[in-house]
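Summary of the model geometry
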Amino acid sequence: MPCGRNKNLREEIFMLKDGLRIAAGVGLAAGIVGASSLATAQDKEITLCWAAWDPANALVELSKDFTAATGIGMKYEFVPWPNFADRMLNELNSGGKLCDLMIGDSQWLGGSAENGHYVKLNEFFDKEGISMNDFLPATVYAYSTWPKGTPNYWALPAMGDALGWVYRKDWFTMPELREEFKKQFGRDLTPPTTWKELKEVASFFQGREIDGKTVYGAAIFTERGSEGITMGVTSALYPWGFRYQNPDRPYEMQSYVNSDGAAEALDFYKDLYECCTPPGYTDAYMSANLDAFKSGQVALMMNWFAFFPGLYKDPVVGGDKIGFMVNPAATTEASTLGGQGISVVAYSDKKEEALQYIKWFAQSEVQKKWWSLGGYSCHVAVLLDPNFASTAPFAADFLKAMSGVKDFWQEPAYAELLLAMQKRMHDYIVADEGTAAQALDLLIEDWTETFEDEGKL
Amino acid sequence: MTTPSTLDKVADRAARATPDSVARRIGGLSDKAVAWLFIAPTITLLLAINIFPLIWTVYLSFTNYKANRSARGFQWIGTRNYERVLNDSDIWHTLQVTAHFVVWTMSIQVILGFGLAWLLNRQFKGHSFWTTLILLPMMLSPAVVGNFWTFLYQPQIGLFNYVIGFFAGIDASSFEMLGSVTLAPWAIVIVDTWMWTPYLMLICLAGLRSIPDYIYEAAEVDRASAWRQFWSITVPMVLPFLMLAVLFRAIENFKMFDLVVELTSGGPGSVTELASINLKREAFEKWRTGYSSAFAIILFVTVFGAANIYVKALNRVKQR
Amino acid sequence: MSAGAQAAFRPKAWTGRLAAATVIVYALVTMVPIAWIFMTGFKTPQDSISYPPKAVFEPSLEGYVNLFTTRTRQTPEYMRSLPPPETWYDELVRSRSMVIAGPSKFGERFTNSLIIGFGSTFFSVFLGTLAAYAFSRFTVPLKDDLLFFILSTRMMPPIAVAIPIFLMYRTLGLSDTHLGMIILYTAVNVSLSVWLLKGFVDEIPREYEEAAMIDGYSRFQAFYKVVLPQMTTGIAATAIFCLIFAWNEYAFALLLTSGTAQTAPPFIPTIIGEGGLDWPAVASGTTIFLLPVLFFTILLRKQLLRGITFGAVRK
């Protein structure tokens, strides 16, 4: 072995050792930091899990009162929407102790109730005198009960939500645009009330120059990974009279799921996607839509009411530049349901403290503050207050939307049903495979298979 | 400070700290006992974390168990899961997507990697510095880097689109690498190529450097042309190295999950839905544990079988 | 080390220069995404999404501040009612009409990565050293089969292994724990560790220990007083490889952790700002996460070949 190489080798050894020593030092430091952070954790502290979005910030603000009143500290685990269902259902299914309180989606109720992820709250409600009559019946039905509509409560309605729309009021009032629109369509440029009008408006704005910037028609949901495109498509399906099953014969889907109206709605949504969305709009959900709207790219945006308080406050597109509307109608009026109830996780070691939080949260005073901070209370003391409609520019629309909400399957097998729909819808609308009728037929096949596995067919 | 005997001292200290009786007991062990004492912990760990789970997966693959519905119980359903997996056109679609991904990434990376290695083997001034730079991408976290690539691929603001648009003279927002059905399969190939070409390159370089000078010198004497030397000396001598590299990378890409999940999560539609992404959906989103176990076993048998056939071919090349 | 090829080809000067130029261009192109990550971390959110993309910009630490904090937007009236900001980062956040609400989860996740990375590295190198020594020095029955078995455990797709591990960990209460992740990563890395270290032990002449044992050392003493000190380079290199693999691992972390023990790779892609993704914060998190790996890769460049081929190619 030539000695030059030997020397290199030795240098290398020294370098590696130095590197290792630095690494070991860093590791040790991390260990110390980790240990000390464990040591400072309070005993009386509960963790609340929810999605990372505007209302979560409002809840943090609200919950300071809870800590002040009870001395119980609050920790939060907020997960961004695209990962929320995935992460949190995984957490529940693994029997994890991360969350003491869970603000989970309405569709999780069936599974969480059947598999014992959530604590049943009936006894607790009776003991503490919390009455479900204090909450809007539609929200109790959607966010609390399983089996649906029975007085078995697994959650307290926490956050009412539905899918709505916002539009650029300032663009809608530009005289030259109004004139041109009238010439083209023979009617005034007003917020659309039907899907047909919505597409006209969107195509009118698509590719137009406004204030020296190219703008586009509408930001709609097309996301593949979680639930995005399903939520978007159903907001067109429901107004076309879509039903999941024969109301008299449960799980009979033939000629309901693939009705002519459903195929028409699906084609309409695909046309809207192709004609009037910004470039590259192939995988958009809530945050992509917010980005598009806040950066002044689109005239119309589909999104959850939950974001509307934040949008109204937005320094660039908020205030009198923004208008709000309910989901447009087609053959009927209907909106896609969002929103969540708050539940106690059965695996938690701190169920008592978690229940205390729910008791505190159910008070009408707290609910009023919740609404004022930007959370959508479901409490009748808030919603049925005669002045409610005037408390925010979107309050009246919210009430209207909540009176006609429809939800996806809440079955225990909901995730399977949802993923099948995500795939079929994205395959047809974005990847342009097959026809609407074929996509819906395939969807029925997938769903039938699931219900057969479930022993329900 | 940097005495090479630091560990020596530690070992010494450890030896002194060991009570005499223990030391004598260990020290007196026969070689055979020491061998088993040293190997057993590793084998035990692998049995517990790899083999036991594998057997469990095989068992689950014959049931209709759902991990999110433990309370419901489950039944033995024979080979039904296997029949369903093999008759599922969506599964065949994901396997096709996976094959496309593996074949193209391997072909491009073999050519690029070999080409780069061949150029680097000329050892120009500063070549080791540039080699190190080229090697960096392959050591990075695919998920974290893949996530950032979605930013580079943004049609309106992404650097990739801007650069391509600039050189091709087209509008940067006129094409969508991740959103378009035709481009998305190539978008994932590009990122994988960026990350893993260095891997092929490094191994080819080792192959080139293993060729002794005298072979070329003999060829020179025989007045063989440079072209002939390349095909009859360089390529055959590097081939075993290249094949080894392809083996390692092809297995990894067949299992590919992290990079592509962060880039496209299988979209648009299902055009980049690789087998592992589909498996994750079935197992951890739909929670069809029995069904996905059957799919997992099929994938494992495929990789294992293909790798064995390939290794046989590799040995034949080596023997030549 | 030979310079065989060019001796044989006798390249003209210009072909050599062309080769160098091609390699340099390739190296620079592959560096662009990494450089862009680094640069984006120092942009303001506005600069990061400007068109055309900005290569020259005024550096800002906003991305790093956003990475480590959570912030809430406030009304102008509320902002005016606040006492003057105490720190530079307070001031920076307030200039965006927001206030700092608290620390973000990034620190915790990064710490988890360190604990799990170093913990699993320690155990896989410890187990690997023992097993490698035994495989190298003793006649173990079915040695080749055992070695192949150890290697073959890496052929399973991680998602496939994760199904039963998920069930096992749920039963044992190891889901989302540091211990569970350390055990799992140790099992994943131990095959690499055994194969690599066996190569290093093979290179140490047996005569050393034999001489020591003639001097009255037991086998055990010969191992830790003679062989172990010779193995330090190999152990260091192996440790770094194990550390990098554990550091970068994504699939298991995604499926088996949710908060308490979640590492950085599944967390970084979920860093969001107000509305959409906060690219400067993502980029700064990515930079902090990648820097140790870049450092180690450069340190380890001579051993890389061995590491990535499980010791099959040693140069």
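Residues numbered from 1 in each chain as written. Chains lettered and ligands numbered in written order. Predicted model: local features only at pLDDT ≥ 70, side-chain atom pairs only at ≥ 80, totals over all residues.

1. Here's the deal with the overall build of chain C
Put simply, the rule is: The way it works is that DSSP assigns letters per residue, a run of H or I at least four long becomes a helix, a run of E at least two long becomes a strand, and they are numbered from the N terminus. Radius of gyration: C-alpha atoms only; globule rule: 2.2 Å multiplied by the number of residues to the exponent 0.38. Around each residue's C-beta, the other C-beta atoms within 10 Å are counted; 20 or more make the residue buried, 12 or fewer make it exposed, and counts in between make it partly exposed. All C-beta atoms are placed from the backbone.
The secondary structure content of chain C amounts to 17 helices and 2 strands. Scaling as 2.2 N^0.38, a compact globule of 315 residues should have a C-alpha radius of gyration of about 20 Å, whereas chain C reaches 25 Å, well beyond that. C-alpha atoms of chain C, sized along the principal axes, occupy 85 × 70 × 40 Å. For chain C, the residues scored as buried account for 53% of the 315 residues in total.

2. Observations regarding unusual backbone geometry
Look at the link from tryptophan 146 of chain A to proline 147 of chain A: it is a cis peptide, with omega at -5°. Residue proline 268 of chain B is reached from glycine 267 of chain B by a cis peptide bond, and omega for that bond is -10°. In this fold, proline 268 of chain B is placed in the loop between helix 12 (258-263) and helix 13 (275-284). One non-glycine residue, tryptophan 287 of chain B, lies in positive phi territory at about 60°. Checked against the element boundaries, tryptophan 287 of chain B lands in the loop between helix 13 and helix 14 (289-319). Of note in the backbone geometry, aspartate 176 of chain C takes a positive phi value of approximately 55° without being a glycine. With respect to the helices and strands, the residue aspartate 176 of chain C is situated in the loop between helix 9 (158-172) and helix 10 (178-202).

3. What about the interface of chain B and chain C?
The line we're drawing: A pair of residues counts as a contact when their C-beta atoms, built from backbone coordinates, are separated by no more than 7 Å. Here the term charged refers only to Asp, Glu, Lys and Arg, the term nonpolar to Ala, Val, Leu, Ile, Met, Phe, Trp, Tyr, Cys and Pro, and the term polar to all other amino acids, Gly among them.
Facing the 91 residues of chain B at the interface are 90 residues of chain C. At 14 residues, helix 3 (residues 31-60) of chain B tops the list of elements feeding residues into the side of chain B that touches chain C. Of the residues assigned to the side of chain B that touches chain C, the class counts are 63 nonpolar, 17 polar and 11 charged.

4. Quick look at helix 10 (residues 228-237) of chain A
Residue and element names in this part refer to chain A. Helix 10 sits mainly inside the fold: 10 of its 10 residues count as buried. Inspection of helix 10 places Gly228, Ile229, Thr230, Met231, Gly232, Val233, Thr234, Ser235, Ala236 and Leu237 among the buried residues, and these make up the whole buried set. Next to the buried residues of helix 10 lie strand 5 (163-168), helix 9 (195-205), helix 11 (260-276), strand 9 (298-304), strand 11 (335-336) and helix 18 (414-429).

5. A look at the environment of serine 390 of chain A
Residue and element names in this part refer to chain A. Tracing the chain through its elements places serine 390 in the loop between helix 16 (380-383) and helix 17 (395-402). Accessibility expressed as a C-beta count within 10 Å gives 10 for serine 390, which makes it exposed. A sequence separation of 109 residues divides serine 390 from tyrosine 281, and the C-alpha atoms of the two residues are 35 Å apart.

6. Here we look at the nonpolar core
Stated formally: The term nonpolar core refers to a set of buried Ala, Val, Leu, Ile, Met, Phe, Trp, Tyr and Cys residues connected through C-beta atoms within 7 Å. Start and end points for every domain follow an automatic or database-based domain assignment.
Core analysis: the biggest nonpolar cluster contains 326 residues, and Leu101, Ala218, Ala265, Leu300 and Met301 of chain A, Cys204 of chain B together with Ala162 of chain C have the highest contact counts within it. The leading source of residues in this core is helix 9 (residues 184-209) of chain B, at 16 residues. If you count residues domain by domain, this core takes at least three from each of domain 1 (45-161 + 338-406) and domain 2 (163-336 + 413-453) of chain A. Leave out the neighbours within four places in its chain, and methionine 301 of chain A touches Trp165, Val166, Ala218, Ala219, Asn289, Ala292 and Phe293 of chain A.

7. Quick look at the environment of glycine 113 of chain B
Residue and element names in this part refer to chain B. Looking at the element boundaries, glycine 113 is found in helix 5 (residues 89-120). Among the residues examined, glycine 113 registers 27 C-beta atoms within 10 Å and is labelled buried. Separated by 83 residues in the primary sequence, glycine 113 and tryptophan 196 have C-alpha atoms spaced 8.8 Å apart. The residues contacting glycine 113, other than those within four sequence positions of it, are Thr197, Leu200, Met201 and Cys204.

8. Some details on the sheet that holds strand 1 (residues 45-51) of chain A
Residue and element names in this part refer to chain A. As a reminder, the rule being used: In this analysis, strands are considered paired if DSSP registers two or more bridges between them. A fitted line through C-alpha atoms serves as each axis, taken over the contacting stretch for helices, and the angle formed by two N-to-C directions is quoted from 0 to 180°.
Strands sit in the order 2-1-3-12-4 across an open sheet of 5 strands; the sheet is mixed. Of all the strands in the sheet, the pair left with one neighbour each is strand 2 (73-79) and strand 4 (156-159). When strand polarity is set aside, the average angle formed by the axes of neighbouring strands in this sheet is 30°. Relative to strand 12 (residues 340-344), strand 4 runs antiparallel, the two being bridged by 3 bridges. Across the sheet, residue proline 157 finds its bridge partner in strand 12, namely glycine 341. Where helix 2 (residues 54-70) meets the sheet, it contacts strand 1, strand 2 and strand 4, and its direction lies at approximately 170° from that of strand 2.

9. Some words on the packing of helix 4 (residues 80-87) of chain B against helix 14 of chain B
Residues and elements named next belong to chain B. Note the threshold: Here roughly perpendicular refers to angles of 65 to 115 degrees, roughly parallel to angles under 35, roughly antiparallel to angles over 145, and oblique to all remaining angles. Put simply, a crossing is left-handed when the front helix is turned counterclockwise from the back one by less than a right angle, and right-handed when it is turned clockwise.
Taken N-terminus to C-terminus, the directions of helix 4 and helix 14 make an angle of 70°; their axes are 9 Å apart at the nearest point. By the criterion of interaxial angle, the relationship of helix 4 to helix 14 is roughly perpendicular. Crossing geometry of helix 4 relative to helix 14 is assigned as right-handed. For the pair helix 4 and helix 14, the contacting residues are Asn81, Tyr82, Arg84 and Val85 in the first and Gly290, Tyr291, Ala294, Phe295 and Ile298 in the second.

10. Remarks on the confidence of the model for chain B
Using the following cut-off: pLDDT runs from 0 to 100 and stands for how confident the predictor is about each residue.
Averaged over all residues, the pLDDT of chain B is 87; the fraction at 70 or higher stands at 91%. Scored below 50 in pLDDT, residues 1-8 of chain B makes 10 contacts in the model with residues more than four places away or belonging to other chains.

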